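Results of the structural survey
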Amino acid sequence: MLSLYDSSTPPSQWISIFSREEGLETAYTHNMTATLIASKNGTEIIHHRLARIGTMGITPAADWNELESFYLLTGSLRVTYGNETSILYPGDKLVAAPVHEHVCIVAIEDSEFLYVSSAPVFQTYRESIDGFHELAVQIALKDGYTASHCERIRRYSLMIGCELNLNATDLLSLSCGALFHDIGKIRIPDEILMKPGKLTPEEFDIIKQHTIFGRDIMNSPENPFLNIGSKVAEQHHERYDGSGYPYGLKRDEIYLPAAIVAVVDSYDAMVSNRPYQTARKKADAVREIVSLSGKLYDPRVVDAFLKVVDTFVDED
């Protein structure tokens, strides 16, 4: 009979047994917990927990030629690669050797899976997560409502993006851009951003610059993990009839993920308590969004919004 202790080497030096919550290292986002459970000769095994509507992206790299594999343990995942989408259920596997195009993974429900890579990736996770956290703190300190607001915008936007069957690149752009759509506000002076009264035309012109600031921050070499969402930050205040800013784009000139955030951002503003307004009833907000379809908002987005808005109550 084989025993774990039939060796002259002390067991603690060649075998590790972890409880459910343990591992070598753990990294956290709002929606994901990634725990490194094994690492040897470059190969890593990472256990993931992804909350409902949580997102994970895989990005191809020119110098990357490694094996990546997912094994779903619990829950269900919507996996979009290029223009194709598949649903994974427990026991299903995804294998790429290597990844050739963007892959967007969205949790349909709370899910757990194992991710195996033939080259180290965990430290890249940690660096990206630390960068996300630092920027999220900056936004929250600048504008008290924004942290929860931005996470709602991300979830709601992803639900609409999936309804519209966006490709993987656009879904990843949408997820990142929606979460950080207001990041440019960290460069707006507090006396303007937090002004309790009506803004002057000159002050409003400064507020409008947050879209350009957001694009620049997300495109900065210091934030490579945000680059994919910069176009959403730049265009989320454009309007279907050309009345938006910063460029006055209209109709199909507006990036569709940004048009999605435009609808969701407006809806969330209407149903949230703000210093300058009391939250409106959900039905009233929906009616206003519908009344502005084809005017301020892309009709395709409004139609998809109507198909999923009843589930938003579960996301508050």
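Up top is the structure.
In this report, we go over the structure that sits alongside the text.

The rules behind each value
- Residues numbered from 1 in each chain as written.
- Predicted model: local features only at pLDDT ≥ 70, side-chain atom pairs only at ≥ 80, totals over all residues.
- Heavy atoms only, no water.
- Axes fitted to C-alpha atoms, helices over the stretch in contact; angles between N-to-C directions.
- Helix = DSSP H or I, 4+ residues; strand = E, 2+ residues; numbered from the N terminus.
- Parallel < 35°, antiparallel > 145°, perpendicular 65-115°, else oblique.
- Left-handed = near helix turned anticlockwise from the far one by under 90°.
- Contact = heavy atoms within 4.5 Å.
- Nonpolar A, V, L, I, M, F, W, Y, C, P; charged D, E, K, R; others polar.
- Patch = residues over 30% accessible without salt bridge, like charges linked within 9 Å, V, L, I, M, F, W, Y side chains within 5 Å.
- Areas by Shrake-Rupley, 256 points an atom, 1.4 Å probe, with all protein chains shown as cover.
- Salt bridge = Lys/Arg side-chain N within 4 Å of Asp/Glu carboxyl O.
- Buried < 20%, exposed > 50% of the residue type's maximum accessible area, 1.4 Å probe, protein only.
- Core = buried A, V, L, I, M, F, W, Y, C linked by side-chain atoms within 4.5 Å.

Below, the discussion takes up the packing of helix H8 (residues 256-271) against helix H10 (residues 299-308). At a minimum axis distance of 9 Å, the contact between H8 and H10 shows a crossing angle of 55°. When the interaxial angle is binned, H8 and H10 end up oblique. By crossing handedness, the relation of H8 to H10 is classed as right-handed. Residue-level contacts link Leu256, Ala259, Ile260, Val263 and Tyr267 of H8 to Arg300, Val301, Val302 and Phe305 of H10. Split into classes, the residues belonging to the contact of H8 with H10 amount to eight nonpolar, no polar and one charged.

A surface patch of nonpolar side chains, amounting to about 260 Å² of accessible area, comprises Ile87, Tyr89 and Ile108. Counting through the fold element by element, Tyr89 comes out in the loop between strand E7 (84-88) and strand E8 (93-96). Residue Tyr89 is classed as partly exposed on the basis of its relative accessible area of 47%.

Our next topic: unusual backbone geometry. Backbone torsion omega between Ala97 and Pro98 reads -5°, so that peptide bond is classified as cis. Following the sequence through the fold, Pro98 ends up in the loop between E8 and strand E9 (103-107). Here Tyr245 and Pro246 are connected by a cis peptide whose omega angle stands at 15°. By the element assignment, Pro246 lies in the loop between helix H7 (230-235) and H8. Phi at Ile53 is positive, roughly 70°, even though this residue is not glycine. One can find Ile53 in the loop between strand E3 (43-50) and strand E4 (55-58). Here Ile53 falls in the buried class, since its relative accessible area comes to 9%.

It is the contact of helix H3 (residues 168-179) with H8, at a shortest axis distance of 9 Å, that shows an interaxial angle of 40°. Classified by the interaxial angle, the pair formed by H3 and H8 is oblique. When you trace H3 past H8, the crossing you get is right-handed. Judged by residue contacts, Asp170, Leu174 and Ala178 of H3 engage Pro257, Ile260 and Val261 from H8. Looking at the contact of H3 with H8 residue by residue, the class counts come to five nonpolar, no polar and one charged.

Counting 40 residues, the largest nonpolar core has Ile160, Tyr267, Ile289, Phe305 and Phe312 as the members making the most contacts within it. The set of elements that each furnish at least two residues to this core consists of E9, helix H2 (146-163), H3, H8, helix H9 (282-291) and H10. Sorting elements by how many residues they give to this core places H8 first, with nine residues. Once residues lying within four places of it in the same chain are set aside, the contact partners of Ile289 are Val263, Ser266, Tyr267, Met270, Tyr297, Val302 and Phe305. Ranked by size, the runner-up nonpolar core spans 25 residues in total, among them Leu36, Leu50, Ile58 and Val121.

Moving on: the environment of Pro90. Tracing the backbone through its elements, the reader meets Pro90 in the loop between E7 and E8. When its relative accessible area of 49% is taken as the criterion, Pro90 is described as partly exposed. Placed 13 residues apart in sequence, Pro90 and Leu77 show a C-alpha to C-alpha distance of 9.3 Å. Setting aside its immediate chain neighbours within four residues, Pro90 contacts Leu72, Leu73, Thr74 and Gly75.

What is shown is where atoms sit, not what they do.
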